Amino acid sequence: MRPIISTAIVCCLLNTLAIAADEPAPAEIKSAVEKSLPLLVAGAKGVLGHERKCFMCHNQAMPVFALVAAKSRGFAIDEEHLQAQLKHTVKFLATNQARYREGKGQGGAIDMAGYALWTLQAGGWPADDTTAAVAEYFLRYQSDKEHWTSVSNRPPSEASAFTATYLSLYSLQAYGTDEQKERITARFAKVREWLLKGEAKDTEDRVFQLRSLPIVDAKQEAIAEAKEQLLKSQRDDGGWSQLPDLESDAYATGSVLVALQESAGLSTMDKAYQRGLQFLLKSQLADGSWHVKSRSKPFQPYFESGYPHEKDQFISIAAAGWATNALLLSLPETPTNEQPKPANLESKPQ
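Below, the structure is looked at part by part.

Conventions used here
- Residues numbered from 1 in each chain as written.
- Predicted model: local features only at pLDDT ≥ 70, side-chain atom pairs only at ≥ 80, totals over all residues.
- Heavy atoms only, no water.
- Helix = DSSP H or I, 4+ residues; strand = E, 2+ residues; numbered from the N terminus.
- Buried < 20%, exposed > 50% of the residue type's maximum accessible area, 1.4 Å probe, protein only.
- Contact = heavy atoms within 4.5 Å.
- Areas by Shrake-Rupley, 256 points an atom, 1.4 Å probe, with all protein chains shown as cover.
- Axes fitted to C-alpha atoms, helices over the stretch in contact; angles between N-to-C directions.
- Parallel < 35°, antiparallel > 145°, perpendicular 65-115°, else oblique.
- Left-handed = near helix turned anticlockwise from the far one by under 90°.
- Nonpolar A, V, L, I, M, F, W, Y, C, P; charged D, E, K, R; others polar.
- 1 Å grid on protein atoms, 1.4 Å probe; cavity = no way out; pocket = protein on both sides within 12 Å on 5 of 7 lines; lining within 4 Å.
- Points joined across faces, edges and corners; volume = space filled by probe spheres on them.
- Expected span 1.5 Å × (residues − 1).

1. Section: the overall build of the protein
Reasoning step 1: Helix and strand counts for the protein stand at 14 helices and two strands.
Reasoning step 2: Residues counted as buried form 56% of the 350 residues belonging to the protein.
Reasoning step 3: In the protein, the share of contacts with a sequence separation of at least 24, taken over all contacts with a separation of at least 6, comes to 73%.
Reasoning step 4: By element, 54% of the accessible surface of the protein is carried by carbon and sulfur atoms, the whole surface being about 16000 Å².

Quick look at the structure:
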């Protein structure tokens with residue numbers, strides 16, 4: 001019996017080691033984050049000094065999300081720069097207050113306004129007259145429709161009706177006023193029905209369908225089904241692709257992992273999450289960046305923001321923001337000081 005028992009023990013130990021080998025070490029994850037953050041900051045700073053002076057989702061929202069997550073995990077960040085990003089964002093929105101109150105918005109419509117409010121909320125910006133005006137915009141804009149739609153066709157981040165709808169729901173949940181509460185509740189109920197029957201056609205759709213469901217107080221069964229749809233589309237390499245005929249990339253993989261953890265409660269120790277982390281670590285380049293090829297037609301004059309990869313820099317920095325955030329979520333929270341307190345986005349307005 002003794003040899004049999006010994007063999008069983010050895011096999012168990014080997015299996016344990018094999019599983020452990022698939023789990024990235026915290027030191028490896030921290031190193032990847034430390035290489036990524038300076039490039040994210042460089043790309044974010046690059047748009048602050050640009051002559052257009054507008055808010056740019058890819059170079060500001062996603063880097064800010066990553067900086068806030070890094071701060072909550074004990075990484076030293078440039079707090080002055082973070083505040084500069086928030087002030088730049090609210091200043092841009094403030095110039096359009098009158099149009100927001102009339103439901104007219106600005107260029108980029110709800111995609112830009114939604115990512116801007118998401119950025120402010122992530123950074124802990126308090127509600128004010130500007131955020132109230134933008135919330136009014138979301139209530140008035142496309143109010144005759146059962147959901148919100150993007151006016152752009154710049155995939156993946158500015159093309160999906162699910163993304164546009166999530167940005168609108170999130171903005172109203174985070175910055176809706178007491179005066180707007182009744183209208184917000186009615187709008188959420190209307191959108192909930194569309195979300196439950198809407199067909200997600202690609203990864204971006206599925207990510208933001210999942211993100212939207214908890215906000216409109218969908219049943220756990222619906223959230224679990226949306227979660228399962230994302231898990232089923234994970235590739236053999238551990239990553240996710242934007243479209244079925246494309247290769248896995250950091251944008252799709254990072255955004256999926258963050259959504260699964262934040263909106264569906266997937267443990268970062270889950271095998272699927274760990275495989276996704278391995279993909280992100282393997283696909284990170286030596287300089288700390290991720291390169292994702294753009295599939296959007298350019299319509300703005302080219303300029304260098306400070307993030308690598310030239311004509312692919314905008315989708316690449318957005319990808320890096322999601323990837324860095326996904327890596328950070330796998331680390332324990334060790335705040336260096338008081339963190340911003342996010343709005344409760346897990347239930348509909350009361």
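2. Topic: the packing of helix α2 (residues 26-48) against helix α4 (residues 79-94)
Reasoning step 1: Relative orientation of the contacting elements α2 and α4 amounts to 40 degrees, with a least axis distance of 11 Å. It follows from the interaxial angle that α2 and α4 lie oblique. The interaxial crossing formed by α2 with α4 has left-handed handedness. For the pair α2 and α4, the contacting residues are V41, A44, K45 and L48 in the first and H81, A84, Q85 and H88 in the second.
Reasoning step 2: Here the residues of the contact of α2 with α4 are counted per class, giving four nonpolar, three polar and one charged.

3. Description of empty space enclosed by the protein
By rolling a water-sized probe across the atoms, one finds the places where empty space is left.
Reasoning step 1: In the structure shown here, the tally under the stated rule is one cavity of 30 Å³ or more.
Reasoning step 2: Taken as a whole, the largest cavity encloses approximately 30 Å³ of empty space.
Reasoning step 3: What lines the largest cavity is simply P156, T203, E204, Q242, Y251, A252, S255 and R295.
Reasoning step 4: When contributions to the lining of the largest cavity are tallied by element, the ones reaching two or more residues are α10 (203-215) and α12 (250-264).
Reasoning step 5: Looking at which element gives the most residues to the lining of the largest cavity, the answer is α12, with three residues.
Reasoning step 6: Residues that form the lining of the largest cavity fall into these classes: three nonpolar, three polar and two charged.

4. Overview of the environment of G321
Reasoning step 1: Position of G321 among the secondary structure elements: in helix α14 (residues 313-329).
Reasoning step 2: Residue classification places G321 among the buried residues on the basis of a relative accessible area of 1%.
Reasoning step 3: Considering only alpha carbons, one finds G321 and P63, 258 residues apart in sequence, at a separation of 5.0 Å.
Reasoning step 4: In contact with G321, not counting residues within four places along its chain, are L40, M62 and A66.

5. Description of helix α9 (residues 181-197)
Reasoning step 1: The end-to-end C-alpha separation of α9 is 25 Å, in line with the 24 Å expected for 17 residues at 1.5 Å each.
Reasoning step 2: Within the span of α9, buried status applies to I184, R187, F188, V191, R192, W194 and L195.
Reasoning step 3: Against α7 (129-140), α8 (161-175) and α10 lie the buried residues of α9.

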